[in-house]
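# Results of the structural survey
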Amino acid sequence: MEAKAHLKYARISPRKVQIVLDLIRGKDVATAMATLKNTPKSASEYLTKLLRSAVANAENNFNMDVSKLYVSECFVCPGPILKRIRPRAQGRAFRINKRTSHVTIAVSEKN
């Protein structure tokens, strides 16, 4: 049994989120929280809130023991891209892609 939390349409590139997710995958919740707190990446803020939400879901909805929880699954999928235009020389326009992410974190109890 696992408890999940989803973050949809986060205004951060999936590549940037994936770097931080690789740091916490498979670790227990306390270690993952400490890692996120001390990682100087912008994705850490999003993922800290998401991990707290997954732990709260496990505790309140599934009656799991918080001290035995670990990050069993975490992944990011690209969301819709916001397309913007940057004016350039001689009347041209360059495209700027503002990428979004859908992040999922699942926590489970260790046996």
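So, here's what we can say about the structure. The structure presented is a predicted model; accordingly, all values stated were derived computationally and were not measured. (Residues numbered from 1 in each chain as written. Predicted model: local features only at pLDDT ≥ 70, side-chain atom pairs only at ≥ 80, totals over all residues. Heavy atoms only, no water.)

### A few points about helix H3 (residues 43-62)
Helical geometry note: an α-helix holds 3.6 residues per turn, so side chains three or four residues apart project in the same direction. The end-to-end C-alpha distance of H3, which contains 20 residues, comes to 27 Å, matching closely the 28 Å that a straight helix rising 1.5 Å per residue would cover. Along H3, the residues that are buried comprise Ala43, Ser44, Leu47, Thr48, Leu50, Leu51, Ala54, Val55 and Ala58. Those residues of H3 that are buried lie in contact with strand S1 (2-10), helix H1 (14-24), helix H2 (29-37), strand S2 (69-78) and strand S5 (101-109). (Helix = DSSP H or I, 4+ residues; strand = E, 2+ residues; numbered from the N terminus. Expected span 1.5 Å × (residues − 1). Buried < 20%, exposed > 50% of the residue type's maximum accessible area, 1.4 Å probe, protein only. Contact = heavy atoms within 4.5 Å.)

### Concerning the packing of H1 against H3
Between two packed helices, the angle of one axis relative to the other and the distance separating the axes together describe the packing. Where H1 meets H3, the axes come as close as 9 Å, and the angle between the chain directions of the two elements is 60 degrees. The angle between H1 and H3 falls in the class oblique. The chirality of how H1 crosses H3 is right-handed. Listed contacts from H3 to Lys16, Val17, Val20 and Leu21 of H1 are Ala43, Ser44 and Leu47. Tallied by class, residues from the contact of H1 with H3 come to five nonpolar, one polar and one charged. (Axes fitted to C-alpha atoms, helices over the stretch in contact; angles between N-to-C directions. Parallel < 35°, antiparallel > 145°, perpendicular 65-115°, else oblique. Left-handed = near helix turned anticlockwise from the far one by under 90°. Nonpolar A, V, L, I, M, F, W, Y, C, P; charged D, E, K, R; others polar.)

### Description of the pairing of S5
Counting buried residues in S5 gives eight out of nine residues, a clear majority hidden from the surface. As judged from the nine bridges shared by S2 and S5, these two strands associate in the antiparallel manner. Each bridged residue has a counterpart across the sheet, and for Glu73 the counterpart in S5 is Ala106. (Pairing = 2+ DSSP bridges.)

### What to know about the sheet that holds S5
In space, the three strands of this open sheet follow the order S1-S5-S2, with antiparallel pairing throughout. Both outer strands of the open sheet, S1 and S2, are each paired with one neighbouring strand and no more. Recorded for the sheet is a direction-independent mean angle of 15 degrees between the axes of neighbouring strands. Bridging between S1 and S5 involves seven bridges; their strand directions are antiparallel. Of the residues in S5, the one forming a bridge with Lys4 is Ala106. The strands touched by H3 are S1, S2 and S5; relative to S1, the strand with the most contacts, the crossing angle is about 145 degrees.

### Considering the environment of Gly79
Secondary-structure assignment places Gly79 in the loop between S2 and strand S3 (82-87). Residues Gly79 and Tyr9, spaced 70 residues apart in sequence, show a C-alpha to C-alpha distance of 6.1 Å.

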